[in-house]
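The primary structure of each chain is shown beneath.
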Amino acid sequence: MNAQNNSQINAQANTQALRFVPASEFKERAAVAVADAHLRKSFRGAMDFLIAKRAAQFPDPVALESQRGLAEHIRKYSLARLPDLLEQLERNLTANGVQVHWAENPEQANAIIINIARRHSTKLMVKGKSMVSEEIELNHAMADAGMEALESDMGEYIVQLDGEKPSHIIMPAIHKTKLEIARLFAAKVPGAGYTESVDELIGIGRAVLREKFMTAEIGLSGVNFAVAETGTLCLVENEGNGRMCTTVPGVHIAITGIEKVVEKLEHVPPLFALLTRSATGQAITTYLNMISGPRKPGEKDGPREMHLVLVDNGRTQAYSDEQLRSTLQCIRCGACMNHCPVYTRIGGHAYGTTYPGPIGEIISPHMLGLAATHVLPTASSLCGACGEVCPVKIPIPDLLIRLRGEAQHDARPGHAPMLGQGAAKSALVDAIWSGWAALYTRPALYRAFGWLATRFRALTPPMQSGWTVSRTPLKPAKRTLHEQMAARERR
Amino acid sequence: MDETGNRHYPDKPPKVYLFGTCLIDMFCPEAGMDTVRLLEREGIEVHFPADQTCCGQPAHSSGFPEQTRAVALAQMRLFPEPWPVIVPSGSCAGMMRHHYPKVFADDPRLLAEATALADRIFELSEFLLHVARVSLSDSGQPARVALHTSCAARREMGTQVHARALLAQLPGVDVGLHEHESECCGFGGTFSLKHPAISSAMAGDKVDALKETGAETFLSADCGCMLSLNHTLQKRGDPFQGQHLASFLWQRTNPEGGRR
């Protein structure tokens, strides 16, 4: 855990290093995305599929509520004890022979990994799926250091091959069609012929990766749950590539955010059960890897050396505020994006951040600061679909409202300023809301305004900001309800 | 979700307050008048405090807590008698029932006031169904309608359940289900102004889905959503239009037909 003031310096450094498209250009990209009929159709289809798969796993709403309640409690309990649990985790992992590293920011995390890689004269690192490694842009850092980092999750492999970022945290290549992948493989995979058969395409990818698993000096993975009491890292996956990355190369580096720790092994099953059901609509994934250390003397397989890199990257800022702390309850299932009407229409790339959709809107401000991200919390109609499906009951709409406020105001008395606090402050907008409040707290003035607006309804402006982009102008009625009710009472 | 399950409902009261909402006041007052007509027909006296303005939701969802508090406080004191407060809008009802206590969470005295008021807030369709316990008699021609319940109405006030139950009392009315029925129509208050491209795409999809049911009209218990969709349709030159649930219920069940 790091002090508040440090994360400010770090996140400023981050913004320079990130090679994401800037989140501040969200509106432009969103407008392009909604105009793309192909993108709209493919995201809609994919999200509908995932929504239906999830729904089939939760036939009983009462049972689901009790499962969510339990999962929420486990996450809140873990976060309440986070500093202690992290120290306990470090002690137990160290005792198990795992080297634990702490990184406040992406630069530190990359430096730790690159140092380990250099020590082992690494040419190739194979990677299991890790969103934290996306967050720190590890692949770029490795390339800059002259080493190759190869994604081995099929979706991640596809987007890396095409020089893209994931558009979804669980299904990174969900924006791509089969035909696009067919063309991509034929063009970019040496020796691959053109095929539109999904099985054959997967076969091509697997053949490439199988070779790489055997030659890579380092395997890198993420972590879904880190168990403090036993020093165990749990890794949830479907393709077996996670197990390959964590067992075949001589060195395994796991990387994760500091919030992923739970106290006891028994805390894992309730979270795991909701994670897979919420994410892909699976009752269970093909693999649940539980890793407690490197190869022991006399054992025939497993890495000889193992590391865990614990990354802060703005998480302590969320942690230090009682309400915002619930952001860290997230178990990265992606259900909020699957159910989000905004994400469904613009896809993940428009957000310009590692984490798109509702969870991205509430966590990115901590990682990148409000100056770069203040538009993201506004990209929601507050419909509440995200909060409704969140397996750990993060009150996402309330957090969006809170972040909208923090972006437009100075820190409240007694609260530390967030990174980029007040970045969207506007004297004009302040004046509009103050004027609004003045009108709506003065009933006589309000009624007079209603009287005038209805009498002069013919003068209603024909252009009304964003409203009239696709709508006819709003026009007051002939008489307000106030007037009609007053007339009734007089009768 | 408590409105769909666990809420304890009082007996039918002789008197209620009406909170008309700022959008109904200015843009669809007939929905407010039809609300009054529906309530009075049940023998309930409707009081409309003349000093009411807006529940404060626009400032709340835009991140202006100070202005939200000022406007919310100006409403909170307008309902001194222990009568139910009827709100013909799911999102405004949701604001007053679920968000007022959060808005005043840091002030024990105001929190107690907000909580006491929240207990008396009823969205119109919920009140008609569970408190007034209406028995509607259909006097209209057979009609097919679609129903759009706003997100706040659905998720905070359970409106889709109540509205469907009310409409089910009308034998001549066939309620069509539309694709992605639980999905947002793209209004979202200031969202429609700040993100017009996304909001328009959502509104466009919603009107397409509503029309695909083959309905003659769509109904909504929220004026904001209804206006957003109606004005989207008007811009397209499409004569398909929605109406407020209160107006539809009144017109279908008033033996004289139409309005008084």
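Residues numbered from 1 in each chain as written. Chains lettered and ligands numbered in written order. Predicted model: local features only at pLDDT ≥ 70, side-chain atom pairs only at ≥ 80, totals over all residues. Heavy atoms only, no water.

Per an unreviewed UniProt entry, the recorded name for chain B is Lactate utilization protein A, and the organism is Candidatus Accumulibacter aalborgensis.

As named in an unreviewed UniProt entry, chain A is Lactate utilization protein B, taken from Candidatus Accumulibacter aalborgensis.

*Asks:* An account of the overall build of chain A is needed here, citing residue identities and associated values.
*Replies:* The helix and strand tally for chain A stands at 23 helices and ten strands. Here the C-alpha radius of gyration of chain A, 25 Å, is about what a compact globule of 491 residues would show, namely 23 Å. Taken over the C-alpha atoms alone, chain A extends approximately 95 × 55 × 45 Å along its principal axes. Relative to its 491 residues, chain A shows a buried fraction of 58%. Here the contacts in chain A between residues at least 6 apart in sequence split such that 73% fall between residues at least 24 apart. Counting only carbon and sulfur atoms, one obtains 57% of the accessible surface of chain A, whose full area is about 20000 Å². (Helix = DSSP H or I, 4+ residues; strand = E, 2+ residues; numbered from the N terminus. Rg over C-alpha atoms; globule rule 2.2 N^0.38 Å. Buried < 20%, exposed > 50% of the residue type's maximum accessible area, 1.4 Å probe, protein only. Contact = heavy atoms within 4.5 Å. Areas by Shrake-Rupley, 256 points an atom, 1.4 Å probe, with all protein chains shown as cover.)

*Asks:* For the domain arrangement of chain A, give the residues involved together with the corresponding values.
*Replies:* Interface size is commonly expressed as the accessible area that is lost once the parts come together. The domain architecture assigned to chain A consists of domain 1 (26–144 + 216–316) and domain 2 (431–490). Computed from C-alpha atoms alone, the centre-to-centre distance between domain 1 of chain A and domain 2 of chain A is 52 Å. (Domains from an automatic or database assignment.)

*Asks:* Quick one: what's the story with the packing of helix α7 (residues 124–131) of chain B against helix α9 (residues 159–168) of chain B, residue by residue and with numbers?
*Replies:* Residues and elements named next belong to chain B. Packing of α7 against α9 leaves a shortest axis separation of 8 Å and a crossing angle of 55°. The angle between α7 and α9 places the two elements in the oblique class. Seen along the crossing, α7 lies across α9 with a hand that is left-handed. The segment α7 lies against α9, with Ser-125, Glu-126, Leu-128, Leu-129 and His-130 engaging Thr-159, His-162, Ala-163, Ala-165 and Leu-166. Looking at side-chain class alone, the contact of α7 with α9 contains five nonpolar, four polar and one charged residues. (Axes fitted to C-alpha atoms, helices over the stretch in contact; angles between N-to-C directions. Parallel < 35°, antiparallel > 145°, perpendicular 65-115°, else oblique. Left-handed = near helix turned anticlockwise from the far one by under 90°. Nonpolar A, V, L, I, M, F, W, Y, C, P; charged D, E, K, R; others polar.)

*Asks:* How would you sum up the side chain of Thr-276 of chain A? Please name residues and give values.
*Replies:* All names here are of chain A. By the element assignment, Thr-276 lies in helix α13 (residues 268–280). Owing to a relative accessible area of 2%, Thr-276 belongs among the buried residues under this scheme. The contact partners of Thr-276, leaving out residues within four places of it in the chain, are Val-236, Gly-281, Gln-282, Ala-283, Ile-284 and Thr-285.

*Asks:* Account for the interface of chain A and chain B, with residues named and values stated.
*Replies:* Facing 64 residues of chain A, the contacting portion of chain B comprises 65 residues. When the two sides are added together, the surface that chain A and chain B hide from each other amounts to roughly 5400 Å², 63% of it contributed by carbon and sulfur. By the criterion of area lost to chain B, the three top residues of chain A are Trp-433, Arg-471 and Leu-481 of chain A, representing 13% of everything that side buries. Counting across the interface, chain A meets chain B through eight salt bridges. A salt bridge links Glu-40 of chain B to Arg-488 of chain A, with the nearest nitrogen and oxygen atoms 2.4 Å apart. Applying the counting rule to chain A against chain B returns 32 residue pairs in polar contact (both at pLDDT 80 or more). Every element with two or more residues in the side of chain A that touches chain B is listed here: α2 (26–34), α3 (37–57), α16 (341–346), α19 (385–389), α20 (396–408), α21 (427–440), α22 (443–455) and α23 (481–490) of chain A. Residues of the side of chain A that touches chain B, tallied by class, amount to 30 nonpolar, 20 polar and 14 charged. (Buried area = accessible area lost by both parts, 1.4 Å probe. Salt bridge = Lys/Arg side-chain N within 4 Å of Asp/Glu carboxyl O. Polar contact = N/O pair within 3.5 Å; in protein donor to acceptor, adjacent residues only side chain to side chain.)

*Asks:* Break down the sheet that holds strand β4 (residues 218–221) of chain A for me, with residues and values.
*Replies:* Residue and element names in this part refer to chain A. An order of β1-β10-β7-β4-β2-β3 is seen for the six strands of this open sheet, with the pairing classed as parallel. Since the sheet does not close on itself, it has two edges, and those belong to β1 (98–103) and β3 (148–151), each with one partner. Averaged over all pairs of adjacent strands, the angle between strand axes in this sheet comes to 25°, irrespective of strand direction. Of the strand pairs in this sheet, strand β7 (residues 251–257) and strand β10 (residues 305–311) are connected by seven bridges, and their pairing is parallel. Bridge assignment links Val-251 to a residue of β10, and that residue is Glu-305. (Pairing = 2+ DSSP bridges.)

*Asks:* Any chance you could break down the domain arrangement of chain B for me, citing the residues and the numbers?
*Replies:* All names here are of chain B. Here the domain parsing of chain B yields domain 1 (15–130) and domain 2 (143–253). The gap between the C-alpha centroids of domain 1 and domain 2 is 22 Å. Residue-level contacts link 29 residues of domain 1 with 26 residues of domain 2. Looking at the side of domain 1 facing domain 2, the largest losses of area belong to Arg-41, Ser-125 and Leu-129, adding up to 22% of the total buried there. Scanning the region where domain 1 abuts domain 2 turns up nine residue pairs in polar contact (both at pLDDT 80 or more). Only α1 (22–26), α2 (29–41), α5 (90–103) and α7 provide two or more residues apiece to the side of domain 1 that touches domain 2. Sorting elements by how many residues they give to the side of domain 1 that touches domain 2 places α5 first, with eight residues.

*Asks:* Now, about the UniProt feature "domain: Cysteine-rich" (unreviewed entry) in chain B: what can you tell me, with residues and values included?
*Replies:* Residue and element names in this part refer to chain B. The residues that UniProt annotates with the feature "domain: Cysteine-rich" (unreviewed entry) are residues 17–97 and 145–229. In this annotation, residues 17–97 is assigned 54% helix and 10% strand; the end-to-end C-alpha distance for the span is 15 Å. Structurally, residues 145–229 is divided into 53% helix and 14% strand, and its ends, taken at the C-alpha atoms, are 15 Å apart. (UniProt positions renumbered as here; feature names shortened; annotations may be inferred.)

*Asks:* Please provide a residue-by-residue account of the pairing of strand β1 (residues 15–18) of chain B, values included.
*Replies:* Residues and elements named next belong to chain B. As paired elements, β1 and strand β2 (residues 45–47) share three bridges and run parallel to each other. Bridge pairing links Lys-15 to Glu-45 in β2. In the sheet, β1 pairs with strand β3 (residues 85–87) via two bridges, with the strands oriented parallel. Paired with Tyr-17 across the two strands is Val-85, which belongs to β3.

*Asks:* Explain the pattern of salt bridges to me, using residue names and the numbers behind them.
*Replies:* Going through the model one piece at a time under the given rule, you end up with 39 salt bridges over all chains. Note that Arg-479 of chain A is salt-bridged to Glu-483 of chain A, the shortest N-O span being 3.8 Å. On the basis of relative accessibility, which here comes to 38%, the residue Arg-479 of chain A falls in the partly exposed class. A relative accessible area of 22% places Glu-483 of chain A in the partly exposed class. Through salt bridges with shared partners, a single ionic network connects Arg-40, Arg-44, Asp-48 and Arg-345 of chain A together with Glu-183 and Asp-205 of chain B.

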